[in-house]
Amino acid sequence: MAGKDQRHCLGRVSSVVTGSLERFFYRHGKSVASYPFRYIVSCLAITALCCVGFLNFKMEHRPEKLWIPQDSDYVTTLSWRDENFPSVQRIEMLLFEASNVLKAEYVKEMFLLHQDIRKIVVINDQGQNVTQEDLCFRVPALGGEMRQELRQIKASMFPGRNPNNDFDWSLEFDKTIYYQFYSRMPSECLELSILEMWGYDEEVIGALSDEDVILAINTVNISSTYSHPVDFRKFLGGIERNASGHITGAKTSLTQILMHVNRSEIDLSDSNNAGLAEEVNPSLFAWEGEFIRLLRNPVRRPQGLGIFFQSHRSFGEVSSETVFGDVTFLIFGNAMLFIYVQIMLGKFNMVEKRPVLSLLGLLATYLAVGISFGLCSAVGLPYSPVHSILPLLMLGLGVDDMFVIVQSWHNLKPQERKLNLQTKIGRALRHAGVAITVTSLTDFAAFAIGATTVLPALRSFCLYSALGIVALYLLQATFFVAWFTLDQSRLEDHRDGLIWCYKHKNWTPNKCSTHDYCQMFLDKIYGKFLLKKPVKVAVILATIAMTGASVWGVTNLRQEFDPVLFIPQSSYLFKFLSRILHYYPEAGERGTLYLGALNYSQELPKIGELTTQMKENEYISFVDSWYDLMVTYTMQDVGIDIGGKVMNETFFREILSAFLFSPSGSRFQTFFHFNGNLTIGKPTPQLLACKFDYSHRTLSGSAEKIVALDQLNGLINNQNFSDFAGAIAFNYAGWETDKIIATELIRNVSLAMVAVFIMTLLLLANFVTSFYVLLCVSLTLVDVMALMAWWDLTIDIISCINLVLCIGLCVDYSAHIGLHFMQVSGTRNERAHKTLREMGPPVINGAFSTFLSFSLLVFSDSHVFQSFFKIFFGTCLFGVFHGLTFLPVLLSLIGPAPYNDTLISMSQVDEVDDKTEAPIKRSVEMNKVEETTYAVITGD
């Protein structure tokens, strides 16, 4: 009894929903066919109005604005840093690679390149020429004559000590004398390289032999430029040693050039060209561009030496260039798609070909893109690199709607073809309108659910997509139908398909163009074969086996997000990063810990405890803390052990000042932010913030990275500092995403599936058919996720977007079949056969045309486009299999009854229509303006 009640309830819903939709689209089709130019002009005007929003268009590259929740620890720390401790450094890096880079000719090439970089000239906002000397990060350098002078003093005062060994001048001399020397120190650009061993002296480096280089790397431990201790071995990778442990060779040498971010220039400038998350002054940004051009176009290079590099602006530049550069593939894909659409929409003769209609149908998809982008830009939604794939999505969905509309026209019965054009268009859209409504609303629901995610890039993408789907749905039902009306009028008047003003006299279609071969294949061959009992059994068994294998494959799907994946493998940046990871694996992820306006004299023990715990943590390999060095220095300087002790504020400022002006502590001056200027020989001003660096050991897999990040945050929070305390590293953006991406994926996919089921149930008004559609979508999703695992894709932000797209695309294939099965009468086998014949062609054409549009992405270097290709390929393949093979078999076996008792017959539609409007004839409907316009096009 409950079942009967349920069927009766759904039948009533079906009568209201489906009947209302059919009546609406019948009248809408007649209206569009009666006033095509009005609808065309209206669509173009609305699109143009929406495109005004492009004035507010903005592109976003910053990882923290795209890939992670805005309430995460990473974003909180980054925001605090930008406001309270803005970065004043940007690092440019060079990597030299050879079978043995420790050869004199290679060292000389390093120096020549060093000189070329120093010669780079750019023009600042004031029209002045600036070089690296003007833009670099400068530090005191105890070199040249001053260094020789101090060596002589040291030798006379301490005759038994080697003047070249490590020696802290501030501890050996009276502070007054030392500060006099310090105040006279010149500053030099900070550049970390093995060239420091020779003080960047051209004559010394020019006279080097291979033996001199090996001797220096094994003996020198003081920078000739900056006079502080340096372990030059840390710049080498792939080190080779002899039996006694001495270095005999190395595969790579790393150079780091530190540049200074001029905050004053940023404040005066109207632009901000951030390479990543940080602001940069325009002149430095321009210099980095010239640095990149210099390194990408070498004029000389010794044989066997490879030079790889990274600029601070490289990541954002390369990732955006790659995504936009690969749009070329989409352009050629669109050209292929146009040819295919023209072939499938028209026929092989001069009158029934439809090149203009095909082009205008594709134009409708780009109008939808313009509406979506314009409206989203108007409300401030950012555009990310992954949004470049949106035109492809619109093409896939738009072409599918086009084929459904044209196929509904071809499915008109012989007696219906005798009616006037307006009525025929209305009857064709009566069926097609319901079909594209079902798929468009389910697609919209899937993306609307995706827009509730906490991931900004996914949320923005889903909003762009949802709005684009609505715009596309409306345009295909109006703009395309209006042009289809004009094209059909042209065809019935035997005018040329390309040159509409030319009429073919005594024209008859050739034999080849009188057949729809796709429909014939589905009807005469595929449909009959598929619906045989042995084939049905084979299909069911094959589907079960494929699903089982896919479920196993999904268990092997890894979760990992890495922003480096946005970099193409052929790019200079990827080549540099791959070598860094290979030759310097022990470096791990480098990070910085920031502390706010603490009561430092009282909370210094907490800093010491935190430093100790970080050093003891299994996931941290190195901590470069000023605290430990200051404790050691203070003990040597004044004989007081301050480790783990609170102290007087005045005393703390005095010892901190002494430490920061010492040889061992001067490099930490930029690690502090004071309320005033730091002055030599005087206590420091009030300390507002500080930082210190650390490195993780090499971590494998997202699970270990997440644990490492959580433990570090736990260590910081356990200290209960009185003000801000937080850690940040570049790849923490990816680690934060890894923490939630799996949960977000499950949530978004689950909610999207629920939304799809509710929408299909509401629009199909049949529980069984809606469940079958959901089953096909679910099986396709599982198969695609298994394909991801076998194709070495991971769960990341890109795959998360793709899987939402997968739901949106594959639901179309099954929903069209399910809806049409409910609309035709006969036995289950007959209805399944008729469904394949009448709705199979647009499903196949929609899937194949979508595949054509992105097929060239297989040649892309972009991880974004490669991921789209692989997942779209799986979506089309498995979606068509489940929509055109599994679902028809399932419906032929246990499909529900048709809508016979609920649908309004066509005569009823006509009867209702006649009561509300008089019969309309084309010659009466068109006003004089439209008649004139139409005459210009057709030549009448």
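Residues numbered from 1 in each chain as written. Predicted model: local features only at pLDDT ≥ 70, side-chain atom pairs only at ≥ 80, totals over all residues. Heavy atoms only, no water.

Can you break down the overall build of the protein residue by residue, with the values?
In terms of regular secondary structure, the protein is built from 34 helices and 16 strands. Taken over 940 residues, the protein has a buried fraction of 57%. (Helix = DSSP H or I, 4+ residues; strand = E, 2+ residues; numbered from the N terminus. Buried < 20%, exposed > 50% of the residue type's maximum accessible area, 1.4 Å probe, protein only.)

Give a description of the side chain of Glu 22 that names residues and reports values.
Tracing the sequence through the fold places Glu 22 in helix H1 (residues 2-34). The buried category is assigned to Glu 22, whose relative accessible area is 2%. There is a polar contact of 3.3 Å between the side chain of Glu 22 and the side chain of Arg 430. (Polar contact = N/O pair within 3.5 Å; in protein donor to acceptor, adjacent residues only side chain to side chain.)

If you had to explain the packing of helix H20 (residues 517-530) against helix H30 (residues 828-855) to someone new, which residues and values would you point to?
Interaxial distance between H20 and H30 falls to 9 Å at its minimum, and their mutual angle equals 130°. Looking at the two axes, H20 sits oblique to H30. Considering the relative orientation of H20 and H30, their crossing is right-handed. Taking contact as the criterion, the partners of Cys 518, Gln 519, Leu 522, Asp 523, Tyr 526, Gly 527, Lys 528 and Leu 530 in H20 are, on H30, His 833, Leu 836, Arg 837, Glu 838, Gly 840, Pro 841 and Ile 844. Each residue belonging to the contact of H20 with H30 can be placed in one class, and the counts come to seven nonpolar, four polar and four charged. (Axes fitted to C-alpha atoms, helices over the stretch in contact; angles between N-to-C directions. Parallel < 35°, antiparallel > 145°, perpendicular 65-115°, else oblique. Left-handed = near helix turned anticlockwise from the far one by under 90°. Contact = heavy atoms within 4.5 Å. Nonpolar A, V, L, I, M, F, W, Y, C, P; charged D, E, K, R; others polar.)

Describe the state of the cysteines, naming the residues involved and giving the relevant values.
Taken as a whole and judged by the stated rule, the model has one disulfide. One disulfide bridge connects Cys 136 with Cys 189, the sulfur atoms lying 1.9 Å from each other. Disulfide Cys 136 to Cys 189: torsion about the S-S bond roughly -70°, handedness left-handed. Residue Cys 136 is located in the loop between helix H6 (132-135) and strand E4 (138-140), and its partner Cys 189 is located in strand E5 (residues 187-189); the two are separated by 53 residues in the primary sequence. Exposure class is identical for Cys 136 and Cys 189. Each is buried. (Disulfide = S-S within 2.5 Å.)

Run through the nonpolar core, naming residues and quoting values.
Membership of the largest hydrophobic core comes to 211 residues, with the highest contact counts inside it found for Phe 447, Ile 607, Met 614, Trp 626, Phe 672 and Ile 807. Ranked by the residues each element gives to this core, the list is headed by helix H19 (residues 456-492), at 19 residues. In this structure, Leu 95, Val 122, Met 259 and Val 318 belong to the second largest nonpolar core, which totals 62 residues. (Core = buried A, V, L, I, M, F, W, Y, C linked by side-chain atoms within 4.5 Å.)

Describe the pairing of strand E11 (residues 306-310), and please don't skip the residues or the numbers.
Across the five residues of E11, five count as buried, placing the element largely inside the fold. A two-sided burial pattern is seen for E11, the buried positions comprising Gly 306, Phe 308 and Gln 310 on one face and Ile 307 and Phe 309 on the other. Where strand E1 (residues 89-97) meets E11, five bridges bridge the pair, whose relative direction is antiparallel. When the bridges of E11 are listed, Glu 97 appears paired with Gly 306. (Pairing = 2+ DSSP bridges.)

I'd love a proper account of the pattern of salt bridges, names of residues and values included.
Counting across every chain of the model gives 25 salt bridges. Here Asp 523 makes a salt bridge to Lys 524, at a shortest N to O gap of 3.9 Å. Owing to a relative accessible area of 13%, Asp 523 belongs among the buried residues under this scheme. For Lys 524, a relative accessible area of 52% puts it in the exposed group. When the shortest N-O distance is used, the salt bridge between Arg 558 and Asp 792 registers 3.5 Å. You can see Arg 558 sitting in the loop between helix H21 (533-554) and helix H22 (572-583) and its partner Asp 792 sitting in the loop between helix H28 (767-790) and helix H29 (797-823), a full 234 residues away along the chain. Among the charged side chains, a network of salt bridges with common partners joins Arg 118, Glu 133, Arg 138 and Glu 191. (Salt bridge = Lys/Arg side-chain N within 4 Å of Asp/Glu carboxyl O.)

Give me helix H24 (residues 626-638): which residues, what numbers.
Compared with the 18 Å implied by 1.5 Å per residue over 13 residues, the 18 Å span of H24 between its first and last C-alpha is a close match. For H24, the capping residue at the N-terminal end is Ser 625, with a side-chain oxygen 3.1 Å from the backbone nitrogen of Tyr 627. Backbone geometry just after H24 places Gly 639 at a positive phi near 75°. (Expected span 1.5 Å × (residues − 1).)

Explain the environment of Leu 762 residue by residue, including any values.
Tracing the backbone shows Leu 762 in helix H27 (residues 732-764). Given the relative accessible area of 43%, Leu 762 is considered partly exposed. Taking C-alpha positions, Leu 762 is 9.5 Å from Thr 18, a pair spaced 744 residues apart along the chain.

Please give an account of a nonpolar patch on the surface that cites residues and values.
A cluster of nonpolar side chains, namely Leu 49, Val 52 and Leu 55, defines an oily patch on the protein surface of about 360 Å² accessible area. Inspection of the secondary structure assignment puts Leu 49 in helix H2 (residues 36-50). (Patch = residues over 30% accessible without salt bridge, like charges linked within 9 Å, V, L, I, M, F, W, Y side chains within 5 Å. Areas by Shrake-Rupley, 256 points an atom, 1.4 Å probe, with all protein chains shown as cover.)

Before we move on, can you summarise the packing of H19 against H29 with the specific residues and values?
Helix packing geometry: the angle between the two helix axes and the distance between the axes. The N-to-C vectors of H19 and H29 enclose an angle of 25°; their axes lie 10 Å apart at closest approach. Comparing their axes, H29 and H19 come out roughly parallel. Of the two elements, H19 crosses H29, and the hand of that crossing is right-handed. Touching Leu 458, Phe 461 and Cys 462 of H19 are Ile 797, Cys 800, Ile 801, Val 804 and Leu 805, all from H29. Split into classes, the residues belonging to the contact of H19 with H29 amount to eight nonpolar, no polar and no charged.

I'd like a description of the pairing of strand E12 (residues 590-595), backed by residues and values.
Buried residues dominate E12, accounting for five of its six residues. Of the strand pairs in this sheet, E12 and strand E15 (residues 687-696) are connected by six bridges, and their pairing is antiparallel. Note on E15: the bridge partner recorded for Thr 592 is Asp 693. Across five bridges, E12 lies against strand E16 (residues 725-729) in antiparallel orientation. Bridge pairing in E16 links Leu 595 to Ala 725.

Got a sec to walk through the confidence of the model for the protein? Specific residues and values, please.
Model confidence for the protein is summarised by a mean pLDDT of 83, while 87% of its residues fall at 70 or above. Across residues 1-7 the pLDDT falls below 50, and counting only partners more than four positions away or on other chains, this stretch makes zero contacts in the model. Predicted confidence is poor over residues 272-277, with pLDDT under 50, and the contacts of this stretch with residues over four places away or in other chains come to 19 contacts. (pLDDT = per-residue confidence, 0-100.)

Outline the packing of aromatic side chains, supporting the account with residue identities and numerical values.
The full count for this structure, using the stated rule, is 37 aromatic pairs. Relative to Phe 668, the ring of Phe 659 lies with its centre 6.0 Å away and its plane at 25°, an arrangement referred to as stacked. There is no split in this pair, since Phe 659 and Phe 668 are both buried. With centroids separated by 6.3 Å and ring planes inclined at 55°, the aromatic side chains of Phe 771 and Tyr 772 adopt a geometry described as tilted. Taken together through their ring pairs, the aromatic side chains of Tyr 340, Phe 403, Trp 791, Phe 848, Phe 851, Phe 854, Phe 868, Phe 869, Phe 872 and Phe 873 make up a single cluster. The ring of Phe 308 carries Arg 579 above its face, with NZ or CZ at 3.9 Å from the centroid. When the ring centre of Phe 821 is taken as reference, the NZ or CZ atom of Arg 831 above it lies at 3.8 Å. (Phe/Tyr/Trp six-rings, centres within 6.5 Å; stacked < 30°, edge-to-face > 60°. Lys NZ or Arg CZ within 6 Å of the ring centre and 35° of its normal.)

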